[in-house]
Amino acid sequence: MNAPVDLVEVWRGDILESVHQGHAVICGADGGIVQAWGDAQATIYPRSSCKMIQALPLIESGAADAHGLGVEQLALSCASHQGAHIHTDRVQVWLDTLALADKDFRCGPQWPQDIPARNEIIRAHAAPCQIHNNCSGKHAGFLTLNRHIGGDADYELVDHPVQQACKTAFEEVTGEASPGYGIDGCSAPNFATSVHGLARAMSFFATAHDRNDTRSKAAVRLREAMATFPALVAGETRACTDLMRAMGGRVAIKTGAEGVFVAIIPEKRLGVALKIADGGTRASEAAIAAILVKLGVLDADHSAARARMVPEIRNWRGTLCGHIKPVPALL
């Protein structure tokens, strides 16, 4: 086992104040490692970065087509959204077409990260619902699959056919038997894998257009949905949305809690996965942006790239105090 390595530095004035360490892997079309930092075999929870894998059974089973899901719904099935109206209105219509309601979700209520949506609930002296949960799109996908297979209501349990289908897809595209699972923030099981395994799964998505089997066709539909509707995958001000827009739909990327980030790069036939050891989001965003620049799919001078890769640190008066930057080894 290799130790995590320095990936992102935090400078205040002329002194290095903090360092974020972690692991990262770029995986080629054959599933092999093209380049790695830290321990490629480190076991991690992918958290929300693997939502496109969890959505594979939705399409493979025929549920998506049987229930008339479009590209927007597929993007939402991979989303960690802000809870803005562009997200919740679409999820509500999706629920309505299934003749289901908020109570049928198992993800739990969550205050929207979208400020206007949050303020709207506060002004109404109301409380957030499960539809506001950042994973409600994924759970709408679970509900659709569950309706299609005739499963019982508790679709979030690890032994439920919905989650077992997700586990099978997860292990097959990562190329590894999962050593275990944890319960995610939205109550669904999150299966562990190695950083290499997660990158291998992203390379599967990146090369899916080379193949004609059912799963590969599903992978193409999901990655294209993400890249076509980046605002539905996350939302305004979010790294996933801003960086996918900056790359013009050529790359699909997805964050996960606790410092995880992945990228699907079809034109390079590469998959990327990284994990920041301390779980820092500022570091995972800087690291993924640096890798995307390194691979030639993100312009380092684009405002979205600079905002994530080399953000300034300013105090409450707006005074420039320092900066964050990737280590030279990432560049």
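Below is a short write-up of the structure. Because the structure is a prediction, the values reported are computed rather than measured.

Here we look at the pattern of salt bridges
For the structure shown, the criterion picks out 16 salt bridges. The partner of R314 in a salt bridge is E312, with the nearest N and O atoms 2.9 Å apart. Look at R314 and you get partly exposed, because its relative accessible area is 46%. Counted as one network, the salt bridges with shared partners bring together E60, E172 and R215.

A few points about helix α12 (residues 239-246)
Inspection of α12 places A239, C240, T241, L243 and M244 among the buried residues, and these make up the whole buried set. Contacts made by the buried residues of α12 are with α10 (214-228), α11 (230-233), β8 (252-256), β9 (260-265), α13 (281-294) and α14 (303-309). One or two residues past the end of α12 sits G248, with phi positive at roughly 60°.

A closer look at the side chain of D39
Looking at the element boundaries, D39 is found in the loop between β3 (33-37) and β4 (43-44). Within the structure, D39 has its side chain in polar contact with the backbone nitrogen of Q41 (distance 3.0 Å).

Overview of the packing of aromatic side chains
If you walk through the whole model with that rule in mind, you get 4 aromatic pairs. Here Y181 and F191 contribute two aromatic rings whose centre-to-centre distance is 5.9 Å and whose plane-to-plane angle is 55°, an arrangement assigned as tilted. Within this pair, whereas Y181 is found in strand β5 (residues 181-183), its partner F191 is found in strand β6 (residues 189-191), the two being separated by 10 residues in sequence. You can call Y181 partly exposed: its relative accessible area is 41%. Considering the side-chain rings of F204 and F205, the 6.0 Å spacing of their centres and the 85° angle between planes classify their relative orientation as edge-to-face. Across the pair, exposure class does not vary: F204 and F205 are buried alike. Chaining the aromatic ring pairs together yields one cluster made of F170, Y181 and F191.

Here we look at the state of the cysteines
The full count for this structure, using the stated rule, is 0 disulfides. The structure places no disulfide on C78, whose sulfur is separated from the nearest cysteine sulfur, that of C50, by 10 Å. Its sulfur unpaired, C129 is 10 Å from the next cysteine sulfur, which belongs to C107. Residue classification places C129 among the partly exposed residues on the basis of a relative accessible area of 34%.

Focus on the packing of helix α5 (residues 85-97) against helix α7 (residues 136-149)
At their nearest, the axes of α5 and α7 sit 10 Å apart, and the two run at 10° to each other. Relative to α7, α5 is oriented roughly parallel. Of the two elements, α5 crosses α7, and the hand of that crossing is left-handed. Contacts between α5 and α7 involve V91, W94 and L95 from the first element and S136, G137, A140, G141, L143 and T144 from the second. Along the lines of polarity and charge, the residues of the contact of α5 with α7 split into 5 nonpolar, 4 polar and no charged.

Thresholds applied
Residues numbered from 1 in each chain as written. Predicted model: local features only at pLDDT ≥ 70, side-chain atom pairs only at ≥ 80, totals over all residues. Heavy atoms only, no water. Salt bridge = Lys/Arg side-chain N within 4 Å of Asp/Glu carboxyl O. Buried < 20%, exposed > 50% of the residue type's maximum accessible area, 1.4 Å probe, protein only. Helix = DSSP H or I, 4+ residues; strand = E, 2+ residues; numbered from the N terminus. Contact = heavy atoms within 4.5 Å. Polar contact = N/O pair within 3.5 Å; in protein donor to acceptor, adjacent residues only side chain to side chain. Phe/Tyr/Trp six-rings, centres within 6.5 Å; stacked < 30°, edge-to-face > 60°. Disulfide = S-S within 2.5 Å. Axes fitted to C-alpha atoms, helices over the stretch in contact; angles between N-to-C directions. Parallel < 35°, antiparallel > 145°, perpendicular 65-115°, else oblique. Left-handed = near helix turned anticlockwise from the far one by under 90°. Nonpolar A, V, L, I, M, F, W, Y, C, P; charged D, E, K, R; others polar.

Bear in mind that shape data such as this cannot, by itself, settle questions of function.
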